[in-house]
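Fold and contact review
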Amino acid sequence: LRSFEIQAGEPHASVNIAHFADILLNLVPRYSYIREAYSEMEHHRAVSNVRSAQDSTLFISLVGEYSAGKTSLIKRILLEFAQRRAEGGHIAGEMVLSGLEVGGMPVTESEQHIRLSDNLILVDTPGFQSNTTRHDDVASLAIARTAASIIVVPPQIATGDPSRLVTAVIGRGNLTCHPPSIFCLGRIDELGADPHLDSEGLERRARDKFDEARYIHPLFSNGIQRWSEDVAVAANPFGVFSDTPIYTRERAGEEDGTIDGQNLTTTVDGSFLHRTAEWDGMSGFFDALHSLSSAVAPFSNRICAHRENIYWCERLLDAIAISIGCEERHRNAYSRIVSLFENDLTPIIESAVAAHFRLDIEHKFDEFMCAFDHHFLLAHPSYGYHDATQAEYLFQFELYGVLLERVAQMHTTIRTLKERVANHLSELQRDILFLRVQDDLEVGRTHGDPVFDFVETVFAEVEHLCHRHIALLEEMKTGLSDVAMLHAHHHGVDNVVVRECLRAWADPHPSPISEASCPAISNAMATLSDTQLQFGEMNDDTRINRQDQHRVWYLEKIRPSLENAARTLLRCAANWVQNGSCTVDVNMEGNIGLQLRELGQASMTLSNLLNPNGGAEYARLSLRPSAEAVAQNAEPHLLRVRMEREGQSCTVCLL
């Protein structure tokens, strides 16, 4: 026992303890967990120093899981003391009830001191695994301030997770201290052997339980115990002492609530109390307690100091770890916001930047061509000069359409951005991570800017920016829509595809044209596909009617020229958007030839229809899409947008 020492291991060579103390003192005012642990440590260490200076009392803790039999053992000890000091049944004091209730549920909520002699106090502690963190904390501190422990285990040896119990008794990791102890197997009356008929069987089962404990219970197998004894008891055999009364001999008690075992009495006589003495193990328990007290008493203050130091080291390390966890949550919250912008919000904006619009509009080429397909495939049975003129007006309409498509694309992008921002803000306000960070900041577990304030400020800026752009887009959309509608109405190009496109672009929440938003586009595409399939199945000798003549001539002769002109125009308009100017592509200044001819009334073979040397007369028309005229009409709107952009710092490029 004289060689008893703390099992702390060798400190790392790079650790400067004095420097660590300085760091700790700097952390105390910053983090509430560390501050609370440090303040509690200072308070209890002051109390411990006063206690150590005033007396040399030996404190022994009674520890174990809840319902292991600790309170029954305490009550039995008090009954033994009370019966020995009974004075002819005369009761002068009050019945002792507080802290001695016996039950299968957690009944001890605070540490209870029981003075057995002038220099010996038993400390009853709350049971571990009671699903109440406060019970574990109270028990751990009480155990840390005692020189030895009586560890009570139930017949099941281990129930649940005993890690908190093990940490409280011996510490953890390299910071351990193995105190002198008594391993007490409680409730041996539940082992299944009749103590009167098979006492040897009861002893054998008790020994088997100790052997089992050395394999499965961490306290029995964790490290080398400096001093320990094993005892098996039935403190309340078959519940016969559950309702036995205990009284104080005088009404006055100790100021700190300690139960004085030397000041107790009971109405129970010795024959009733000791009728189970032959097998209940209490005699062996008192012998072990006497041996433990005699051995530990000379070193009690030193052992208490070691255990309490270990306890407060662990508390401070836990507080630092919790504070580190709070800081990590704080960083994770901000990282979540950054990730949210990088992975969700920013790509929404980047997908609609002006630099990508040219590629976007090329993907819309088939939708824009549907205005021509509807006119030539579905609306007109013959071709002539009027149809060539209508084609020119349709080209001009497509230039307006490109600008309106850009407005609709940006409008959709900003609406999507606003919806995502609102959804993310709502989700973050309910997110457990952000709620915990906010709570940490409010109670001082961590320091920094409030995350919700940061999120709300950033999202409010995004919302304000979106409102500004929506207002600008509305003005742009109104001007372009009015000009495009006037153009379509004045020149008679308001076919169903044109009308549906204008309706989609002029909607209060405009969206880019598509088959879903414009059924006429879907119908025109289906007709074009069917015609192409039908034309592919024809041979040179196939006789075709007038309607088929019309469609075949459009596919073979007219549409390729229209496609070339349309692609050139769309690229030109996309360049306007990308460059933010109304410059006209030089390639647009040349004429684009479009050949039309009147189709004969009579049926003919496919080869005669497509043979340029056939008898039918060709109408050779010169079609020149007047890009300059369209640019002049669109320029005021584009100029206003450009001036708005130059006058304000906008992060989202409109055109």
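Relevant structure appears above.
Here we summarise the structure given alongside this text.

Rules of the game
- Residues numbered from 1 in each chain as written.
- Predicted model: local features only at pLDDT ≥ 70, side-chain atom pairs only at ≥ 80, totals over all residues.
- Heavy atoms only, no water.
- Salt bridge = Lys/Arg side-chain N within 4 Å of Asp/Glu carboxyl O.
- Helix = DSSP H or I, 4+ residues; strand = E, 2+ residues; numbered from the N terminus.
- Buried < 20%, exposed > 50% of the residue type's maximum accessible area, 1.4 Å probe, protein only.
- 1 Å grid on protein atoms, 1.4 Å probe; cavity = no way out; pocket = protein on both sides within 12 Å on 5 of 7 lines; lining within 4 Å.
- Points joined across faces, edges and corners; volume = space filled by probe spheres on them.
- Nonpolar A, V, L, I, M, F, W, Y, C, P; charged D, E, K, R; others polar.
- Phe/Tyr/Trp six-rings, centres within 6.5 Å; stacked < 30°, edge-to-face > 60°.

This part takes up the pattern of salt bridges. Applying the stated rule across the entire model yields 15 salt bridges. The residue Asp-136 makes a salt bridge to Arg-164 at a minimum N-O spacing of 3.9 Å. With Asp-136 in helix α4 (residues 133–144) and Arg-164 in helix α5 (residues 163–170), the pair connects residues that are 28 residues apart, well separated along the chain. You can call Asp-136 buried: its relative accessible area is 10%. A relative accessible area of 35% means that Arg-164 is categorised as partly exposed. Between Arg-331 and Glu-328 there is a salt bridge, and its shortest N-O distance comes to 2.4 Å. With a gap of three residues between them, Arg-331 and Glu-328 both fall in helix α10 (residues 300–350), about one helical turn apart. Given the relative accessible area of 45%, Arg-331 is considered partly exposed. What makes Glu-328 partly exposed here is its relative accessible area of 35%. Among the charged side chains, a salt-bridge network with shared partners connects Asp-136, Asp-137 and Arg-164.

Approximately 480 Å³ is the volume attributed to the second largest pocket. Contributing to the lining of the second largest pocket are 19 residues, with Asp-137, Arg-164, Tyr-311, Arg-315 and Asp-318 lying nearest its centre. Elements with a contribution of two residues or more to the lining of the second largest pocket: α2 (32–54), α4, α5 and α10. A total of six residues in the lining of the second largest pocket trace back to one element, the largest contributor, which is α10. Partitioned by chemical class, the residues of the lining of the second largest pocket number eight nonpolar, three polar and eight charged.

A full pass over the atoms with the stated rule returns seven aromatic pairs. Relative to Trp-279, the ring of Phe-238 lies with its centre 5.9 Å away and its plane at 50°, an arrangement referred to as tilted. Residue Phe-238 is located in the loop between β8 (228–232) and β9 (247–248), and its partner Trp-279 is located in the loop between α8 (270–273) and α9 (282–296); the two are separated by 41 residues in the primary sequence. Judged by relative accessible area, Phe-238 falls into the exposed class, the value being 54%. Through a chain of ring-to-ring contacts, the aromatic side chains of Phe-368, Phe-397 and Trp-505 assemble into a single cluster.

It is worth spelling out empty space enclosed by the protein at this point. Applying the stated rule across the entire model yields four cavities of 30 Å³ or more. Volume-wise, the largest cavity comes out at about 80 Å³. As for the largest cavity, its lining consists of Ala-144, Thr-167, Ala-168, Val-169, Ile-170, Gly-171, Cys-177, Arg-307, Ile-310, Tyr-311 and Glu-314. Of all the elements in the fold, those that place two or more residues in the lining of the largest cavity are α5 and α10. Considered class by class, the residues forming the lining of the largest cavity number seven nonpolar, two polar and two charged.

Geometric descriptors of this kind do not, in isolation, establish any biological role.
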